[in-house]
Amino acid sequence: MKQFFDKYSYTAVKLFLNQIVIGIFFGVGFLFVANKLENPAFKIGASVLSIIFFLFLEYTVAYKLGTEERVSVDIGKAKADYLLPVKIWLLANSLNLLLALFITLGQVFSGVGFFGSVGGVCVTVAMIIEGMYSGLILLWPHWSMYFLITLPSLLVVFLSYVLGLKSKKIAKMFEFQYPESDRPETKSKKK
């Protein structure tokens, strides 16, 4: 367990920091503007754009990890571990899942003062660090939504790690293009 934390905690922190940055700057910022405009369509659109950008950042972190792990797998130092991205995702999203649990308790046991108060505080914290989902949560503020919003991130982290491990890209636009002068086919033509 200690070896897992030593090796992968930095990746989990990067995943979590991406969420906080997008949640605060894009999610809360867009929501503030949307509330001023009083336009529900803008809230949803801004939320969707923020989520897409967030998931792209998650893709880049997990894909890079997959490509780094591929080296060890290719030389036979390690076996391909398809549970690794799930474990890292759980570490990175432990606060989100804990907040979702307390929000659930707060909504289910709203008559009990303690749970209602803790649930309310957790909703506020979740709206800040999960701000990119705020437009969607406002559509359906049920406790289950706080669990559901974590699933796209899990799916993206898992799939992009596997793509990195297999050295496959989603689209041509993610491939690095060398300048014309540095391309192998151009160099061979010059000789």
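Anything mentioned here points back to the structure above.
Residues numbered from 1 in each chain as written. Predicted model: local features only at pLDDT ≥ 70, side-chain atom pairs only at ≥ 80, totals over all residues. Heavy atoms only, no water.

Visitor: Sorry if this is basic, but what is going on with helix α8 (residues 151-165) here?
Guide: Think of an α-helix as turning once every 3.6 residues; residues three or four places apart then point the same way. End to end, α8 covers 21 Å across 15 residues, agreeing with the expected 21 Å (1.5 Å per residue, within 8%). Turning to α8, its buried residues are S153, V157, S160, Y161, V162, G164 and L165. A positive backbone phi angle near 55° is found at S167, which sits one or two residues after α8. (Helix = DSSP H or I, 4+ residues; strand = E, 2+ residues; numbered from the N terminus. Expected span 1.5 Å × (residues − 1). Buried < 20%, exposed > 50% of the residue type's maximum accessible area, 1.4 Å probe, protein only.)

Visitor: Whenever I open this one, the nonpolar core confuses me. Can you help?
Guide: Generally speaking, nonpolar side chains in soluble globular proteins are found buried as a group. Counting residues in hydrophobic clusters, the biggest one holds 19 residues, and the most contacted among them are F54, M132, Y133, I137 and Y146. Where this core is concerned, the elements lending two or more residues are α1 (2-37), α2 (40-74), α4 (94-108), α5 (113-129) and α7 (143-148). (Core = buried A, V, L, I, M, F, W, Y, C linked by side-chain atoms within 4.5 Å.)

Visitor: I'm lost on the packing of α2 against α8 in this one. Help?
Guide: Between two packed helices, what matters for the description is the angle formed by their axes and the separation of those axes. The geometry of α2 relative to α8 is characterised by a closest axis approach of 6 Å and an angle of 35° between their N-to-C directions. Of the two elements, α2 crosses α8, and the hand of that crossing is right-handed. The residues of α8 that touch α2, namely those facing F54, L55, E58, Y59, A62, Y63, L65, G66, T67, E69, R70 and V73, are P152, S153, V156, V157, S160, Y161, L163, G164 and L165. Considered class by class, the residues forming the contact of α2 with α8 number 13 nonpolar, five polar and three charged. (Axes fitted to C-alpha atoms, helices over the stretch in contact; angles between N-to-C directions. Left-handed = near helix turned anticlockwise from the far one by under 90°. Contact = heavy atoms within 4.5 Å. Nonpolar A, V, L, I, M, F, W, Y, C, P; charged D, E, K, R; others polar.)

Visitor: Looking at this structure, how should I read the side chain of Q19?
Guide: Here Q19 shows up in helix α1. Not counting the four nearest positions on each side in its chain, Q19 is found in contact with F54, N93, N96, I129, E130 and M132.

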